[in-house]
Amino acid sequence: MKAAVLEKRGAEGLRVRDFPKPQRQPGEALMRIRAAGVNRVDLYMRDNGVGITHQLPLILGVEGAGEIVEADPDSGLKPGMKAVTYTQFCGRCRYCLAGEQPLCESLRIAGEHRHGFFAEYISLPTRCFIPLPDTTDLVEVAALPSAYLTAWRMLFGKRQLRPDETVLIVGIGSGVAVACLQLARIAGARAIVTSSSDEKIRRALELGASHGINYRTEPVSKSVLALTDGKGVDMVIDSVGEASWGESLRSLRRGGRLVTCGATTGSNPPADLQRVFIRQLEIYGSTGGNLAEFRELIGLYSSGKLRPVIDRRYALDDIDSAFGRLQRGEQFGKLLITIE
Ligand SMILES: [Zn+2]
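Predicted, not measured: the structure shown is a model, and the values here were computed from it.

A few points about helix α10 (residues 291-302)
The terminal C-alpha atoms of α10, which comprises 12 residues, lie 16 Å apart, in line with the 16 Å expected from a rise of 1.5 Å per residue. Every buried residue belonging to α10 is among L291, F294, L297, I298 and Y301, and all of these are buried. Burial along α10 is one-sided: seen end-on, the buried residues are contained in an arc of 115°. Away from the buried face of α10 by more than 90 degrees, exposed residues A292 and G299 are located. Considering only its buried residues, α10 is in contact with β6 (82-85), β8 (129-132), α3 (138-141) and α4 (144-156). Positive phi appears at G304, one or two residues downstream of α10, with a value of about 90°.

Observations regarding the packing of α4 against α10
At their nearest, the axes of α4 and α10 sit 10 Å apart, and the two run at 105° to each other. The orientation of α4 with respect to α10, classified from their angle, is roughly perpendicular. Residue-level inspection shows L144, Y148, L149, W152 and R153 of α4 in contact with α10, the latter providing E293, F294, L297, I298 and Y301.

Digging into the nonpolar core
F118, I169, C180 and L181 are the most contacted members of the largest nonpolar core, which totals 99 residues. Of the residues that make up this core, three or more belong to each of domain 1 (2-146 + 289-338) and domain 2 (158-285). Setting aside anything within four residues of it in sequence, one finds L181 in contact with I169, I172, A191, V193, A204, L207 and A209.

Calculation rules
Residues numbered from 1 in each chain as written. Predicted model: local features only at pLDDT ≥ 70, side-chain atom pairs only at ≥ 80, totals over all residues. Helix = DSSP H or I, 4+ residues; strand = E, 2+ residues; numbered from the N terminus. Expected span 1.5 Å × (residues − 1). Buried ≥ 20, exposed ≤ 12 C-beta atoms within 10 Å, placed from the backbone. Arc of directions from axis to C-beta. Contact = placed C-beta atoms within 7 Å. Axes fitted to C-alpha atoms, helices over the stretch in contact; angles between N-to-C directions. Parallel < 35°, antiparallel > 145°, perpendicular 65-115°, else oblique. Core = buried A, V, L, I, M, F, W, Y, C linked by C-beta atoms within 7 Å. Domains from an automatic or database assignment.

Encoded structure:
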């Protein structure tokens, strides 16, 4: 089968080539992949990969959707059925038994710990597949498992964002930030965004953001305080890290919460502990979402209330262009690879 395979680190180490088709094992289903999402972690795997147990060569791609080709007769999955996949979890550890699959002690993320979705086929345990109606747009649904599920858990997981609250979304444009904006608006909350691009701010306002702050020309926290009667926002979503951390903390109201799901500018910001304890701020990390949250998200999508924002689609042969656009931060929404 055709696949985008990482053979060695760096851009030239990712090659689209022939690769052995996976053999389905009992308890698994084989899927013909039609679309796969591109994520920051793909760049990390391509260029670094430190701290993630894996071997090369490795097919990259952490999320995707397609059609079932083969499955066990009693699995509930049938050939031709459309499906989207959830991360491979063990189903037996203390976290899985508590329904908290993202914390699974034996989590095997496609494109990180095992072969991923930038390929024609993937075989995964039956429990990882969510069947979809025949009318589902497989490209759209392939945008959901990573950015949209991460956004869902950040907004509604630990401390639910309420309709009377305001959230600040740092760095609008990334898949997860755009997902947060859409989901916050669906929940009825007010959303303020930041960007260095007036064009991205304009797009965010179209999606329902109440204000956009261009951080190159305006100090973020000062503008946020002006927009919130001097109080600050209830929640900040920050996937930028070091570069935005200080302004994110200064934008929070007393008792507010900062949720982090990424560190694209660095992992070690100044903590500003005095501000954290005096103002009783909450800071917590989030990644992915559990299976129940994923089912809720797919339900929202299937109801027609949520349409993921897709920036561009690329053929598998053109995967380097997708990675380039992501690396330059030019996208607004999700980048998808289609696999014909
Ligand atoms: Zn587990």
